[in-house]
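Examination of the molecular architecture
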Amino acid sequence: MKNLKEKLFLTIDEINERIITIRRDLHAHPELSGQEEHTKYLVKGILEVSGYQIKESNKHFGLIADLMVDENAKTVAIRADMDALPIQEQTGKPYASREKGIMHACGHDSHTAIALGTAIAIAAHKEELPGNLRFIFQPSEESKEGGSVEMIEEGALEGVSAIFGLHAYPYLNSGEIGYKYGVMMASADVFSIEIFGKSAHGARPHEGVDAILVTSMIVNSLNHIVSRMIDPLHPAVISLGTIEGGKASNIICDHVLLKGTVRTINEEIRNNIPQMMEASIEGISKSMGAKYKFDYEFGQPELINHEKIVNIIVDEAEKIIGKEKCIDLIDPVMGGEDFSEYLKLVPGAFFRLGTCDEEKKTCVPQHNSRFDVDDDALQVGMKIMGASALQFLIQSNSLHKKEHDA
Ligand code: NI
């Protein structure tokens, strides 16, 4: 007799071609953050046929799909993001984007397809499930605010005991996965600084306050915060991305606007950085007779994986793809990911799904016009996702039984 996971894998093998077709359809019809309408209706139609109860929002195109088998059993969630990026695709593949200037350059098409495939395959074995499943199809991961907060506010995590997520990863070969204990990705904050000086004739600088000179000193000093005020054992990044100011070559500039981002993997350091920045900005502005406005916006927190859930993923993945194909990523990356918001509230873990295959030209980095995922990675993703979710339910069920027996 086959066990539940073996049956699940057979179903995944059966639906694999269909999931590849869906992935390519999504790839050909990418939608930007907040505009995932076609994607949502495609997902919704398939899930309804599979017997899921769908909860929609009237504010965005995200949806929550539940497969409830026992009210007293635990519920495990799987999350996929659905949005694309404002990039003109240059892969030249037959299923390349048909939308001008929009493409799935981060692989969210594969995340959506994998979650859909996992949902279909699990629903095919509904009678034997050890607990309940929830699929969270999330919009706007690429937006500054991130779509996860809104999903959570609308109840995406209500009744959920654990959550799983994955991301396509061109730095690992197709057929491999990457896992990471503890902090996996950085927090991502944004800030803006305005410097107000006083204009004057370029030939009479002493009559004005030069906002460009003040800004140049601030830029310099902000770049010293990480190198001289933060413990070198704790990575942090302060990057300025834009600078705007000035009207003419012979006028002392009276206004400059700067925008940038801050990344950290340590909450205490993250909380201290705005004060460090403001102290510099304030001191320099004051000494030069300029005024300033400083806005700091906390974005997604750092992404911290929970050990027990990483263990489940690694155990299941080793059985499916072999130990040598499960790579411990060791170092965190300074990129952000709004899956971190879910992990602040429930135990869970995020893992990397290798999608690189040189022959298929799928080793290009994300957010690049030639990015694509290897479709052979989809079934690896579905199997590890499905088996891990089931394993969590099996474990928590046997715990539940033990408590009852005791
Ligand atoms: Ni992404």
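Remember, predicted model here, so these are calculated numbers, not experimental data. (Residues numbered from 1 in each chain as written. Predicted model: local features only at pLDDT ≥ 70, side-chain atom pairs only at ≥ 80, totals over all residues.)

**Overview of the environment of Gln366**
Position of Gln366 relative to the elements: it lies in the loop between β14 (348-356) and α9 (377-405). Once residues within four sequence positions are removed from consideration, Gln366 is found in contact with Ala105, Cys106, Gly107, Pro170 and Phe371. (Helix = DSSP H or I, 4+ residues; strand = E, 2+ residues; numbered from the N terminus. Contact = placed C-beta atoms within 7 Å.)

**Observations concerning the pairing of strand β3 (residues 75-81)**
Consecutive side chains along a regular strand alternate between the two faces of the sheet. Counting buried positions over the 7 residues of β3 gives 7, a clear majority of the element. In β3, alternate side chains face the same way, and those of Thr75, Ala77, Arg79 and Asp81 on one face and Val76, Ile78 and Ala80 on the other are all buried. Examined bridge by bridge, β3 and strand β4 (residues 132-138) share 7 bridges and lie parallel to one another. The residue bridging Asp81 from the neighbouring strand is Gln138, located in β4. Bridging between β3 and strand β5 (residues 160-173) involves 5 bridges; their strand directions are parallel. Its bridge partner being in β5, Ile78 is matched across the sheet by Phe164. (Buried ≥ 20, exposed ≤ 12 C-beta atoms within 10 Å, placed from the backbone. Pairing = 2+ DSSP bridges.)

**Regarding unusual backbone geometry**
With phi around 55°, Ser140 is a residue other than glycine that occupies positive phi space. Note on placement: Ser140 falls in the loop between β4 and α4 (148-153). Look at His367: it is not a glycine, yet its phi comes out positive at around 60°. Turning to its location among the elements, His367 is positioned in the loop between β14 and α9.

**Details of the domain arrangement of the protein chain**
In terms of domain boundaries, the protein chain breaks down into domain 1 (2-185 + 302-405) and domain 2 (187-300). For domain 1 versus domain 2, the separation of C-alpha centres amounts to 39 Å. Here the residues of the side of domain 1 that touches domain 2 are counted per class, giving 3 nonpolar, 3 polar and 5 charged. (Domains from an automatic or database assignment. Nonpolar A, V, L, I, M, F, W, Y, C, P; charged D, E, K, R; others polar.)

**What to know about the packing of helix α5 (residues 211-229) against helix α6 (residues 267-288)**
Close contact between α5 and α6 brings their axes to 9 Å; oriented N to C, the two are set at 150°. Considered as vectors, α5 and α6 are oriented roughly antiparallel to each other. Every pair of crossing elements has a handedness; the one defined by α5 and α6 is right-handed. Each of Val214, Met217, Ile218, Ser221, Leu222, Ile225 and Met229 in α5 lies in contact with α6, whose residues at this interface are Met276, Met277, Ser280, Ile281, Ile284, Ser285 and Met288. Taken together, the residues of the contact of α5 with α6 sort by class into 11 nonpolar, 3 polar and no charged. (Axes fitted to C-alpha atoms, helices over the stretch in contact; angles between N-to-C directions. Parallel < 35°, antiparallel > 145°, perpendicular 65-115°, else oblique. Left-handed = near helix turned anticlockwise from the far one by under 90°.)

**Some remarks on the sheet that holds strand β11 (residues 291-300)**
The antiparallel open sheet is built from 4 strands, whose spatial order is β9-β10-β8-β11. With partners counted over all chains shown, the strands left at the sheet margins are β9 (236-245) and β11, one partner each. When strand polarity is set aside, the average angle formed by the axes of neighbouring strands in this sheet is 15°. Looking at chain direction, strand β8 (residues 187-196) and β11 are connected through 8 bridges and run antiparallel. Within β11, the position partnered with Phe196 by the bridge is Lys291. The sheet strands contacting α5 are β8, β9 and β10 (255-264), and the helix crosses β9 at an angle near 170°. Of the strands in this sheet, β8, β9, β10 and β11 are in contact with α6, which crosses β11 at around 170°.

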